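Examination of the molecular architecture
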Amino acid sequence: MGKHYDMVIIGSGVSGKAAASSLASSGKHVAIIEDDLWGGTCPNRGCDPKKVLVSAVEAKDQLQQLQGKGFNIVPDVNWPDLMAFKETFTSPVPEQSKESLESAGVETFYGKAAFIDHHSLKVNEEELTAEQFVIAAGARPSILDIEGKEHFLTSREFLSLKEMPETVTLVGGGYIAFEFAALANAAGADVHVIQHNDRPLKAFDQELVDLLMKQLEAKGVTFHLNVSISKIEAAGDGFSLTDDSDFQLNTDLVFCTTGRIPNTEALNLENAGVDYDKKGITVNEYLQTSNPAIFAIGDILSKSQPKLTPVCSFESSYVVSYLTGKTTDPIAYPSIPTMVFSGPKLAQIGVQATTDDDRYEVSAIDATKWFSYHRTNEPISKIKIVTDKDSGLLVGAACLNNEADELINYFSQLIEQKVSASEVADHIFAYPTIASDLSSIYS
Ligand SMILES: Cc1cc2nc3c(=O)[nH]c(=O)nc-3n(C[C@H](O)[C@H](O)[C@H](O)COP(=O)(O)OP(=O)(O)OC[C@H]3O[C@@H](n4cnc5c(N)ncnc54)[C@H](O)[C@@H]3O)c2cc1C
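Computed from a prediction, not measured in an experiment: that's the story for all the values here.

Considerations on the overall build of the chain
Each helix and strand counted, the chain has 14 helices and 23 strands in total. A compact globule built from 443 residues should have a C-alpha radius of gyration of about 22 Å, and the chain, at 23 Å, falls within 12% of that. Projected onto its principal axes, the C-alpha coordinates of the chain cover approximately 75 × 65 × 40 Å. When the 443 residues of the chain are sorted by exposure, 51% land in the buried category. Contacts in the chain between residues at least 24 apart in sequence constitute 62% of all its contacts with a sequence separation of at least 6.

Next up, the structure:
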């Protein structure tokens, strides 16, 4: 008979770590299991290190835009120095994460968790039983199943690259590919993005995606659309990529950026009676799995919501409220902003601006010459807003410019708090700022 807990959590990422600490603070006897880096994807190999590197794209773009307007040179990005700066953020994360869990009273286990039956699991040689479990085991990069797939690198290696090679190829046109394309391009690489159809970033406003691609092309990124790579072969110091037709490309490094797959296999979910599909673990509206004593949160879920850090945090705090009896309501997600931290940045929230539904009015604004963007000579600033015709309220927005990551949060607040255009007009914002444009955008 092994150790017994009120609650065992699998995975110490954004979802699991917060849930474990909160449940321990509420008086529960909690254990958490991690088989890799404490703290999980976001602070070690995801959002945070990526955004540190994105600072280089932002700085370089601004200097490029201000050529002849106070600046005459655009310095090269020193990738090893930038990477060393990134390491100052990532290196302390595993130890700090583990310490913060332990100081919250959570018992930590290092190893791979696998269920034995409905109430117990094994980690290394130890058996743990619990009243309830929360699975927060996340996802990992998927790898295209093609000849030579062992040559693929993933986002993990990209975010730790010691040197930026001359040529970088990204296979798969999702948000991570666009972000890495902008990064590698800023660092001086010849960048290629290969997409199997003609719709990269398919969940985003396609007009804005086309404009983003044009901006990246103008900087030297090459997009190969409707190309399905079928083979990777070593060629000299690099690789040759081919499809079943006449496409051929030589590259120093090739990254698979086709998405992420849930870490379901190793958990032996069948033993615990937990159902899952290829997108992840299936849950009801209380995030409860087919085994009522087992809950699941974060990227391991099979869900329609985007798999992003703030969504994980939201699910984590919901499940804590549910498990501690603070709520009996089903989970109700607010509008979720989605981002591409490229150069420029693309952001979107709520109802898609391209909708032709009679209920909505779409307004497309070219803000390129507006003071906020002209001041830094941005090449493009496009904003779309969607309002509900009956109420006049904002229900969706999309934007493409260097400030999109901040602007989208204002839209998020206006949508969620149902703020009317006249209430925005009555508000005094500091001027000149991105926020002080709001009443001109939403009027
Ligand atoms: C390159 C990249 C960039 C991203 N950028 C953004 C961004 O800008 N904004 C944003 O919101 N989101 C971003 N994301 C997504 C975000 O990182 C994830 O949504 C989030 O980190 C998922 O958290 P999680 O807790 O569900 O899973 P994770 O953080 O992946 O944690 C799961 C943990 O469980 C462990 N585990 C798995 N199986 C087992 C097992 N059997 N036993 C024990 N432990 C196990 C894993 O090792 C892992 O540490 C990015 C992701 C990547 C890869």
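Alright, that's what it looks like, and here's the rest.
Quick notes on the site of the ligand
The full set close to the ligand counts 39 residues, and Ser 15, Glu 34, Thr 41, Lys 50 and Ala 113 are the nearest of them. Ser 15 is positioned such that a nitrogen or oxygen atom in its side chain is 2.8 Å from an oxygen atom of the ligand. A distance of 2.9 Å separates a nitrogen atom of the ligand from a polar backbone atom of Ala 113. Here the ligand has 1,000 Å² of accessible area as a free molecule, and 94% of this is covered by the chains. When contributions to the shell around the ligand are tallied by element, the ones reaching two or more residues are helix H1 (14-25), strand E2 (30-34), helix H2 (41-45), helix H3 (47-65), helix H7 (175-186) and helix H10 (309-323). Here the shell around the ligand is built from residues that sort into 17 nonpolar, 13 polar and 9 charged.

Here we look at the packing of H1 against helix H5 (residues 93-103)
Contact geometry of H1 with H5 gives a least axis separation of 9 Å together with a crossing angle of 25°. It follows that H1 is roughly parallel to H5 by the angle criterion. In this structure, H1 meets H5 at a crossing whose hand is left-handed. Residue-level contacts link Lys 17, Ala 20 and Ser 21 of H1 to Ser 97, Ser 100 and Leu 101 of H5. Among the residues making up the contact of H1 with H5, the classes are represented as 2 nonpolar, 3 polar and 1 charged.

Details of the sheet that holds strand E14 (residues 253-256)
As summarised here, the arrangement of the 4 strands in space is E10-E9-E8-E14, forming an open sheet in which the pairing is parallel. The open sheet has two edge strands with one neighbour each: strand E10 (222-224) and E14. Averaged over neighbouring strand pairs, the angle between their axes works out to 20° when direction is ignored. When strand E8 (residues 167-171) meets strand E9 (residues 190-194), the two strands line up parallel, connected through 5 bridges. Bridge pairing in E9 links Thr 167 to Asp 190.

Quick look at unusual backbone geometry
In this structure, Pro 344 follows Gly 343 across a cis peptide bond, with omega equal to 0°. Tracing the sequence through the fold places Pro 344 in the loop between strand E19 (338-340) and strand E20 (345-350). Going from Tyr 431 to Pro 432, the amide bond is cis rather than trans, its omega being -10°. Turning to its location among the elements, Pro 432 is positioned in the loop between helix H13 (421-425) and helix H14 (438-441). The backbone of Lys 418 shows a phi angle near 50°, a positive value even though the residue is not glycine. For Lys 418, the position within the fold is in the loop between helix H12 (404-416) and H13.

So, H5
Every buried residue of H5 is listed here: Val 93, Pro 94, Ser 97 and Leu 101. The arc that holds every buried residue of H5, seen down its axis, measures 100°, which confines them to one face. In H5, those exposed residues whose orientation departs by more than 90 degrees from the buried face are Glu 95, Gln 96 and Ser 103. Next to the buried residues of H5 lie H1, E2, H2, helix H4 (79-90) and strand E3 (107-110). At the C-terminal side of H5, Gly 105 shows a positive phi close to 95°.

Re the pairing of strand E6 (residues 126-135)
By the bridge criterion, 7 bridges tie strand E1 (residues 3-10) to E6 in an arrangement that is parallel. Bridge pairing links Ile 9 to Val 134 in E6. The turn joining strand E5 (residues 120-123) and E6, which pair antiparallel and follow one another in sequence, is formed by 2 residues; a positive phi near 55° is taken by Asn 124. Bridge count for E6 against strand E18 (residues 294-296) is 3 bridges, and the pairing is parallel. Within the sheet, the bridge partner assigned to Ile 135 lies in E18 and is Ala 296.

Concerning the nonpolar core
Counting residues in each nonpolar core, the largest one holds 45 residues, and the members touching the most others are Val 8, Ile 9, Phe 115, Leu 121 and Ile 135. Setting aside residues up to four positions removed in sequence, Phe 115 forms contacts with Ile 10, Ser 120, Leu 121, Phe 133, Ile 135, Leu 267, Asn 268, Leu 269, Asn 271, Ala 272 and Ile 294. Membership of the second largest hydrophobic core comes to 41 residues, among which are Ala 56, Leu 170, Ala 184 and Phe 255.

Parameters at a glance
- Each chain has its residues counted from 1, following the order in which its sequence is written.
- Per-residue local features are limited, in this predicted model, to residues with pLDDT of at least 70; the limit for side-chain atom pairs, both in listing and counting, is 80 or more; totals at the level of whole chains, interfaces and linings are taken over all residues.
- The side-chain figures draw on all heavy atoms in the structure; neither hydrogens nor water molecules are used.
- Numbering of helices and strands starts at the N terminus; helices are DSSP runs of H or I of at least 4 residues and strands are runs of E of at least 2.
- Throughout, the radius of gyration refers to the C-alpha atoms, and the reference size of a globule is 2.2 Å times the residue count to the power 0.38.
- Burial classes follow relative accessibility: with a 1.4 Å probe on protein chains only, a residue under 20% of its type's maximum area counts as buried, one over 50% as exposed, and anything between as partly exposed.
- Note on contacts: a residue pair qualifies if any of its non-hydrogen atoms lie within 4.5 Å across the two residues.
- The near set for a molecule or strand comprises every residue that places at least one heavy atom within 4 Å of it.
- The definition of a polar contact used here is a pair of N or O atoms within 3.5 Å, where within protein one atom must be able to donate a hydrogen and the other to accept one, and adjacent residues in sequence count solely through side-chain atom pairs.
- Each accessible area is a Shrake-Rupley estimate made with a 1.4 Å probe; only the visible protein chains count as cover when residues are assessed.
- Under the grouping applied here, Gly and all other residues not named as nonpolar or charged are polar, the nonpolar ones being Ala, Val, Leu, Ile, Met, Phe, Trp, Tyr, Cys and Pro and the charged ones Asp, Glu, Lys and Arg.
- Axis definition: a line fitted to C-alpha atoms, limited for helices to the stretch in contact. Angles are taken between N-to-C directions and run from 0 to 180 degrees.
- To sort the angles, those under 35 degrees are grouped as roughly parallel, those over 145 as roughly antiparallel, those from 65 to 115 as roughly perpendicular, and the leftovers as oblique.
- Crossings are classed by handedness, with left-handed meaning an anticlockwise turn of the near helix from the far one by less than a right angle and right-handed meaning a clockwise turn.
- Strands pair, by our definition, only if DSSP identifies at least two bridges between them.
- Think of it as the arc spanned by the lines of direction from the helix axis to the C-beta atoms.
- Grouping buried Ala, Val, Leu, Ile, Met, Phe, Trp, Tyr and Cys residues that are joined through side-chain atoms within 4.5 Å yields what is termed a nonpolar core.

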